[in-house]
Amino acid sequence: MTKEEVFNKVKDIIVDQLDVDADKIKEDTNFKNDLSLDSLDIFEVVDKIEDTYDIEIETDKGMETVGDLVDYVFKQQTK
């Protein structure tokens, strides 16, 4: 799976889970500052991504942007 495919899937999950406008989701989109997500919103997204990719995401790794999350998922897929 390419990094672009991971980004598109993560974007779809964010849009579906949180009813966010897809045009707002870029790699540099900040979860809290740009999307106004609280910790519960972020948990819902992370939970869905963990289920989708069958991975465990360590949320204490400083993931503040969509790109941070995409990079993490991509690295887990290429292990």
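Details of the structure are given in the entry above.
The notes below deal with the structure included here. Remember, predicted model here, so these are calculated numbers, not experimental data.

## Things to note about the nonpolar core
Right, on to step 1. Residues Val10, Ile14, Ile49, Ile57, Val66, Leu69 and Val73 are the most contacted members of the largest nonpolar core, which totals 23 residues.
Right, on to step 2. Counting residues per element, the ones that place at least two in this core are helix 1 (3-18), helix 2 (39-53) and helix 3 (66-77).
Right, on to step 3. In terms of residue count, helix 1 provides more of this core than any other element does, 6 residues in total.
Right, on to step 4. The residues touching leucine 69, leaving out its near neighbours within four places in the chain, are Val10, Phe31, Val45, Ile49, Ile57 and Met63.

## Looking at helix 3
An α-helical turn contains 3.6 residues, so a residue and the one three or four places further along point in the same direction.
Right, on to step 1. With 12 residues, helix 3 should cover 16 Å at 1.5 Å per step; its first-to-last C-alpha distance of 17 Å lies within 8% of that length.
Right, on to step 2. Residues of helix 3 that are buried sit in contact with helix 1 and helix 2.

## Re the layout of surface pockets
Right, on to step 1. By volume, the largest pocket is sized at about 180 Å³.
Right, on to step 2. Asn30, Phe31, Lys32, Ser39, Ile42, Val46, Ile57, Thr59, Met63, Glu64 and Leu69 together form the lining of the largest pocket.
Right, on to step 3. Take the lining of the largest pocket: its biggest share by element is 3 residues, from helix 2.
Right, on to step 4. Tallied by class, residues from the lining of the largest pocket come to 6 nonpolar, 3 polar and 2 charged.

## Quick look at the environment of valine 70
Right, on to step 1. Note that valine 70 resides in helix 3.
Right, on to step 2. Spatially, the C-alpha atoms of valine 70 and valine 10 are 7.0 Å apart, while their sequence positions differ by 60 residues.
Right, on to step 3. In contact with valine 70, other than residues within four places in its own chain, are Lys3, Val6, Phe7 and Val10.

The rules behind each value
Residues numbered from 1 in each chain as written. Predicted model: local features only at pLDDT ≥ 70, side-chain atom pairs only at ≥ 80, totals over all residues. Heavy atoms only, no water. Core = buried A, V, L, I, M, F, W, Y, C linked by side-chain atoms within 4.5 Å. Buried < 20%, exposed > 50% of the residue type's maximum accessible area, 1.4 Å probe, protein only. Helix = DSSP H or I, 4+ residues; strand = E, 2+ residues; numbered from the N terminus. Contact = heavy atoms within 4.5 Å. Expected span 1.5 Å × (residues − 1). 1 Å grid on protein atoms, 1.4 Å probe; cavity = no way out; pocket = protein on both sides within 12 Å on 5 of 7 lines; lining within 4 Å. Points joined across faces, edges and corners; volume = space filled by probe spheres on them. Nonpolar A, V, L, I, M, F, W, Y, C, P; charged D, E, K, R; others polar.

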